[in-house]
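Notes for the structure review
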Amino acid sequence: MRIARFSIDGNVAFGAVEGDKPDELVLDIIKGIPFTDFELSGTKVPLSKVRLLPPVLPNKVVAFGRNYAEHARELGNEVPDAPFAFFKPSTSVIGPGDDIQYPSFTEELHHEAELAVVIGRMCREVPRERVKDVIFGFTCANDITARDVQKREKQWARAKGFDTSCPLGPWVETGLDLEAASDLTVQLTVNGEQRQLGRTSEMIHSIEELIVNISEAMTLLPGDVILTGTPAGVGPLNVGDEVAVTIEGIGTLTNKVVKRG
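Residues numbered from 1 in each chain as written. Predicted model: local features only at pLDDT ≥ 70, side-chain atom pairs only at ≥ 80, totals over all residues. Heavy atoms only, no water.

An unreviewed UniProt entry annotates the protein chain as 2-hydroxyhepta-2,4-diene-1,7-dioate isomerase originating from Streptomyces glaucescens.

If you want it as structure tokens, here you go:
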């Protein structure tokens with residue numbers, strides 16, 4: 001099931017996305033929130049009539065860096081022996097169609113296409129065999145990075161945590177199991193030109209390892225997001241560019257880069 005979060009007539013709701021053709025998709029509005037047992041209302045609205053929002057509002061976004069060997073090498077970095085985590089604040093999150101604002105403090109803004117894992121229940125110290133039980137679903141992410149700032153500053157808070165640096169969407173796909181999610185095509189285009197192409201099977205540390213690793217240290221909450229790393233091919237974005245992340249079995253997340261006003 002594809003679960004979207006959207007607004008219509010000033011109201012915000014979750015809905016199940018139905019249909020196969022892009023111009024015929026509809027949302028069956030969910031009663032309540034999708035992290036508990038829920039029912040479909042039977043009230044349906046065309047997707048074209050709503051504004052899609054970030055599919056979740058995470059308490060925290062935990063991102064893992066250098067989890068694809070070729071990406072680590074393309075930036076001249078060592079491949080880490082253990083998962084390497086950092087945070088993006090909730091204020092960095094935007095949804096499909098929202099603008100990525102080019103910050104004034106960088107001259108080198110980069111894209112990074114990633115598979116995102118959405119947590120479905122409160123959990124801590126999750127054993128590997130239970131990881132599947134705490135996952136709500138998967139979505140597309142773009143870990144927008146001020147690369148020059150990242151190189152200059154030892155901490156990545158500004159380089160990767162600025163406003164609009166974490167596009168998520170277009171919805172959460174709950175129908176993928178871990179086996180399927182571990183071998184998906186990840187693609188990114190800029191103005192229709194392919195920049196990144198990889199598979200989640202190229203990850204150094206698996207989805208299970210990442211969740212085991214971070215849940216050893218902290219409690220994960222429903223709606224929290226785990227970014228699993230980016231394949232090789234990261235590169236610059238300019239004002240006016242349209243950047244699209246497409247992940248097999250999930251969908252396409254599209255955003256435009258604008259000058260921060």
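Some thoughts on the UniProt feature "domain: Fumarylacetoacetase-like C-terminal" (unreviewed entry) in the protein chain
Worth spelling out the cut-off: UniProt positions are given in the numbering used here, feature names are shortened, and annotations may be inferred rather than shown by experiment. Runs of E in the DSSP output that reach at least two residues are strands. Runs of H or I that reach at least four are helices, and both are numbered from the N terminus.
The UniProt feature table records "domain: Fumarylacetoacetase-like C-terminal" (unreviewed entry) at residues 60–258. Between the C-alpha atoms that bound residues 60–258 the distance is 25 Å, and the span itself is 17% helix and 38% strand.

A look at the packing of aromatic side chains
As a reminder of what qualifies: Between the rings of Phe, Tyr and Trp (Trp by its six-membered ring), a pair exists once the centres lie within 6.5 Å; its type follows the angle of the planes, with under 30 degrees stacked, over 60 edge-to-face, and the other angles tilted. Exposure is judged per residue with a 1.4 Å probe applied to protein chains only, and the accessible area is read against the type maximum: over 50% gives exposed, under 20% gives buried, and values in between give partly exposed. Charges are assigned to positions over rings by a cutoff of 6 Å between ring centre and Lys NZ or Arg CZ, combined with an angular limit of 35 degrees from the ring normal.
Scanning the entire structure with this criterion turns up four aromatic pairs. Seen from their ring centres, Phe86 and Trp156 are 5.2 Å apart, and the 65° between their planes marks the pair as edge-to-face. One end of the pair, Phe86, is in strand S7 (residues 84–88); the other, Trp156, is in the loop between helix H3 (147–152) and helix H4 (157–161), and 70 residues separate them in sequence. Judged on exposure class, the residue Phe86 and its partner Trp156 are both buried. Put simply, the rings of Phe84, Phe86 and Trp156 pair up and form one aromatic cluster. A cation over an aromatic ring shows up here: Arg66 above the ring of Phe84, its NZ or CZ 5.2 Å from the ring centre. Over the face of the ring belonging to Phe105 we find Arg158, whose NZ or CZ atom lies 4.8 Å from the ring centre.

Some details on the side chain of Gln150
What counts here: Two residues qualify as a contact provided that any one of their heavy atoms is within 4.5 Å of a heavy atom in the partner residue.
Here Gln150 shows up in helix H3. Ignoring sequence-local partners within four residues, the contact set of Gln150 consists of Thr145, Trp156, Ala159 and Lys160.

A word on unusual backbone geometry
One can expect most non-glycine residues to show negative phi and most peptide bonds to be in trans. A cis amide bond links Gly169 with the next residue in sequence, Pro170, at an omega value of 5°. Within the secondary structure, Pro170 sits in strand S14 (residues 166–173). Non-glycine residue Glu125 carries a positive phi angle of around 50°. If you trace the backbone, Glu125 turns up in the loop between strand S11 (113–119) and helix H2 (131–134).

Here's the deal with the pattern of salt bridges
Under the convention used in this document: The salt bridge criterion pairs a side-chain nitrogen of Lys or Arg with a carboxyl oxygen of Asp or Glu, the two atoms within 4 Å.
This structure, assessed with the given rule, holds 13 salt bridges. Asp98 is the salt-bridge partner of Arg51, the closest N and O atoms lying 3.0 Å from each other. Within this pair, whereas Arg51 is found in strand S5 (residues 51–52), its partner Asp98 is found in the loop between strand S8 (93–94) and strand S9 (99–102), the two being separated by 47 residues in sequence. Take Arg51: its relative accessible area is 48%, and that puts it in the partly exposed class. In this structure, the salt-bridge partner of Asp133 is Arg130, at a minimum N-O distance of 2.7 Å. Within this structure, Lys88, Glu112, Asp143, Arg147 and Lys160 form a network of salt bridges that share partners.

Regarding the domain arrangement of the protein chain
Definition in use: For the domains described, the bounds stem from an automatic or database domain assignment. Buried area, as used here, totals the accessible surface that two parts lose on assembly, with accessibility defined by a 1.4 Å probe and the loss added over both.
The domain architecture assigned to the protein chain consists of domain 1 (2–52) and domain 2 (61–259). Between domain 1 and domain 2, the C-alpha centre-to-centre distance is 24 Å. Contact with domain 1, which involves ten residues of that partner, is made by 13 residues of domain 2. When domain 1 packs against domain 2, the two sides together hide about 890 Å² of surface, and 67% of this comes from carbon and sulfur. Three residues, Arg2, Phe35 and Leu52, lead the burial of domain 1 against domain 2; their summed loss comes to 62% of the area buried on that side. Linking domain 1 with domain 2 are one salt bridge.

Observations concerning the sheet that holds strand S20 (residues 251–259)
Here is the rule: A pair of strands counts as paired when DSSP detects no fewer than two bridges linking them. In this description, a line fitted to the C-alpha atoms serves as the axis of each element, helices being fitted only across the stretch in contact, and the angle between N-to-C directions of two axes falls anywhere from 0 to 180 degrees.
If you trace the five strands from one edge of the open sheet to the other, you get S9-S20-S19-S15-S16, paired in mixed fashion. Since the sheet does not close on itself, it has two edges, and those belong to S9 and strand S16 (193–199), each with one partner. Sheet twist, expressed as the mean angle between neighbouring strand axes with direction ignored, is 20°. When strand S15 (residues 185–190) meets strand S19 (residues 242–247), the two strands line up antiparallel, connected through five bridges. Note on S19: the bridge partner recorded for Val186 is Ile247.

A look at the nonpolar core
Rule in force here: We call a set of buried residues a nonpolar core when its members are Ala, Val, Leu, Ile, Met, Phe, Trp, Tyr or Cys and they connect through side-chain atoms within 4.5 Å of each other.
Of all hydrophobic cores here, the largest spans 44 residues; its most connected members are Leu115, Ile135, Phe138, Ile207, Ile211, Ile226 and Ile247. If you look at the next biggest cluster of nonpolar residues, it comprises 19 residues, including Ala116, Trp156, Val225 and Leu227.

With respect to helix H6 (residues 207–215)
Each turn of an α-helix holds 3.6 residues, which means side chains three or four residues apart point in the same direction. Put simply, the rule is: Starting at the helix axis, one direction is taken to each C-beta atom, and the arc is that of these directions.
Turning to H6, its buried residues number three or more, namely Ile207, Glu208, Leu210, Ile211, Ile214 and Ser215. Each buried residue of H6 sits inside an arc of 165° when the element is viewed along its axis, so together they form one side.

Observations regarding the sheet that holds strand S10 (residues 109–111)
As summarised here, the arrangement of the three strands in space is S13-S10-S18, forming an open sheet in which the pairing is antiparallel. Each of the sheet's edge strands pairs with one partner strand only, and the pair in question is strand S13 (145–146) and strand S18 (235–236). With two bridges joining them, S10 and S13 adopt antiparallel strand pairing. Residue Leu109 lies in a different strand from S13, and its bridge partner there is Ala146.

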